[in-house]
Amino acid sequence: MNLLDTIDTTNLPTHLAIIMDGNGRWAKQQGFLRAFGHENGTKSVKTIIESCARLGIKNLTLYAFSSENWNRPKLEVDTLMKILIKSLKKELVTLQKNQIKLNAIGNLSKMPEKAQSELLDVIEKTKDNTHMTLTLALSYGSREELVNAVKNISDKVKNNIISIDTIDDSIINEHLYTQNLPDVDLLIRTSGEHRISNFLLWQIAYAELYFTDVLWPDFKEQDLYEAIISYQKRERRFGKTSEQIK
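Conventions and cut-offs
Residues numbered from 1 in each chain as written. Predicted model: local features only at pLDDT ≥ 70, side-chain atom pairs only at ≥ 80, totals over all residues. Heavy atoms only, no water. Helix = DSSP H or I, 4+ residues; strand = E, 2+ residues; numbered from the N terminus. Rg over C-alpha atoms; globule rule 2.2 N^0.38 Å. Contact = heavy atoms within 4.5 Å. Areas by Shrake-Rupley, 256 points an atom, 1.4 Å probe, with all protein chains shown as cover. Axes fitted to C-alpha atoms, helices over the stretch in contact; angles between N-to-C directions. Parallel < 35°, antiparallel > 145°, perpendicular 65-115°, else oblique. Left-handed = near helix turned anticlockwise from the far one by under 90°. Nonpolar A, V, L, I, M, F, W, Y, C, P; charged D, E, K, R; others polar. Salt bridge = Lys/Arg side-chain N within 4 Å of Asp/Glu carboxyl O. Buried < 20%, exposed > 50% of the residue type's maximum accessible area, 1.4 Å probe, protein only. Pairing = 2+ DSSP bridges. Core = buried A, V, L, I, M, F, W, Y, C linked by side-chain atoms within 4.5 Å. Phe/Tyr/Trp six-rings, centres within 6.5 Å; stacked < 30°, edge-to-face > 60°.

Undergrad: An account of the overall build of the chain is needed here, citing residue identities and associated values.
TA: Assigned secondary structure in the chain consists of eight helices and six strands. Compactness check: the chain gives a C-alpha radius of gyration of 19 Å against a globular reference of 18 Å for 246 residues, within 12% of the reference. When the backbone C-alpha atoms are referred to their principal axes, the chain occupies close to 55 × 50 × 35 Å. Residue pairs at least 24 apart in sequence account for 78% of intrachain contacts in the chain once pairs closer than 6 positions are excluded. Accessible surface, the chain: about 13200 Å² in total, of which carbon and sulfur atoms supply 50%.

Undergrad: So what about the packing of helix H2 (residues 34–55) against helix H7 (residues 221–232)? Which residues, and what values?
TA: Put simply, H2 and H7 touch, their axes get as near as 10 Å, and they point 50° apart. Classed by the angle they form, the pair H2 and H7 counts as oblique. Helix-helix and strand crossings are classified by hand; for H2 and H7 the assignment is right-handed. The segment H2 lies against H7, with Thr47, Ile48, Ser51, Cys52, Arg54 and Leu55 engaging Glu221, Leu224, Tyr225 and Ile228. In terms of residue class, the contact of H2 with H7 is built from six nonpolar, two polar and two charged.

Undergrad: Could you give me a rundown of the pattern of salt bridges, with the residues and numbers involved?
TA: Tallied over the full model, the rule gives 16 salt bridges. A salt bridge links Glu193 to Arg25, with the shortest nitrogen-to-oxygen separation between them at 3.3 Å. Of the two residues, Glu193 is situated in the loop between strand E5 (186–189) and strand E6 (208–211) and Arg25 in helix H1 (residues 23–30); the sequence distance between them amounts to 168 residues. What makes Glu193 partly exposed here is its relative accessible area of 21%. A relative accessible area of 33% places Arg25 in the partly exposed class. One network of salt bridges, with partners in common, ties together Asp21, Arg25, Arg189, Glu193 and Arg195.

Undergrad: Give a detailed account of the sheet that holds strand E1 (residues 15–19), specifying residues and quantitative values.
TA: With respect to topology, six strands assemble into an open sheet ordered E3-E4-E2-E1-E5-E6, the strand pairing being parallel. The sheet is open, and its two edges are formed by strand E3 (100–105) and E6, each paired on a single side. If you compare each strand with its neighbour and ignore which way they point, the axes differ by 20° on average. In terms of strand pairing, E1 meets strand E2 (residues 59–66) through five bridges, oriented parallel.

Undergrad: Let's hear about the nonpolar core: which residues, and what values?
TA: In this structure, Leu16, Ile18, Leu60, Leu134, Ile188 and Leu224 are the most contacted members of the largest nonpolar core, which totals 45 residues. It is helix H3 (residues 74–97) that contributes the most residues to this core, eight residues altogether.

Undergrad: With reference to specific residues and values, describe unusual backbone geometry.
TA: Residues other than glycine predominantly adopt negative phi, and peptide bonds predominantly adopt the trans conformation. Of note in the backbone geometry, Ser191 takes a positive phi value of approximately 85° without being a glycine. Judged by relative accessible area, Ser191 falls into the buried class, the value being 8%. Within the chain, Ser197 stands out as a residue other than glycine whose phi angle is a positive 55°. Tracing the backbone shows Ser197 in the loop between E5 and E6. When its relative accessible area of 29% is taken as the criterion, Ser197 is described as partly exposed.

Undergrad: How would you sum up the pairing of E1? Please name residues and give values.
TA: Of all five residues making up E1, five are buried, and the element is well covered by its neighbours. With burial as the criterion, each face of E1 is covered, one bearing His15, Ala17 and Ile19 and the other bearing Leu16 and Ile18. In terms of strand pairing, E1 meets E5 through four bridges, oriented parallel. Within the sheet, the bridge partner assigned to Ile19 lies in E5 and is Arg189.

Undergrad: Now, about the packing of aromatic side chains: what can you tell me, with residues and values included?
TA: Following the criterion strictly, the structure yields nine aromatic pairs and no others. Seen in terms of ring centroids, Trp26 and Phe36 are 5.7 Å apart; in terms of plane orientation they differ by 20°. Their pairing is stacked. With Trp26 in helix H1 and Phe36 in helix H2, this residue pair connects regions lying 10 residues apart in the sequence. Each ring, one from Tyr206 and one from Phe238, has its centre 5.5 Å from the other, and the planes form 50°; the classification is tilted. Here Tyr206, found in the loop between E5 and E6, pairs with Phe238, found in the loop between H7 and helix H8 (242–245); they are 32 residues apart in sequence, far enough to count as distant. A relative accessible area of 46% places Phe238 in the partly exposed class. In textbook terms, an aromatic cluster arises when at least three aromatic residues are bridged by ring pairs, as seen for Tyr63, Tyr140, Tyr177 and Phe199.

Remember that the coordinates give geometry; whether it matters functionally is a separate question.
Take a look at the structure:
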């Protein structure tokens, strides 16, 4: 049975986020260095981006590099940055063909200049695309994002730009990296780990969570479809009762 045929295209997550985990373990299983896993992981990135675009998912956010990842061995970090630069150059055609707008969130100032330059170039060239927004979380940490939001809001209160009494969810949203994105509907994590790892902590308040044992380089269309089908079988109540939803 083709799982694609069982997906209800009227009930897709508006915002899908993915923690792409397992590249290093996948490489070790093959008897190779971790870099080999990261290289192969880019194939799954391309596959999932194109699959989401075909399905009609409007927003896809990929956890590509966390703020904590800077603590990894320098060789691995350098390799990841080189892979990012190469992928951005290579996939620009794919983004344009599928009318995908590239976005990036995180402390991008910590990225190497060459990576920043390539990233900003692709963001500029795809800014008018409207079919889907692809967001890369790079040098991203949700706690850092929230701390920055608190500091910025506090500064505005101090300078009488906003009143403390007006601070609500929408004000906080406006000061997050994701200010132009809706809340996450479905969060997928690959590789069998069952944790959030400092990713979009505010934005996943009512997200459905889906964990799979599949390592990221092995995560393909059918795995994506299984996650979406699981999402569509769930009752999303947002604090209400089942009777209220019905």
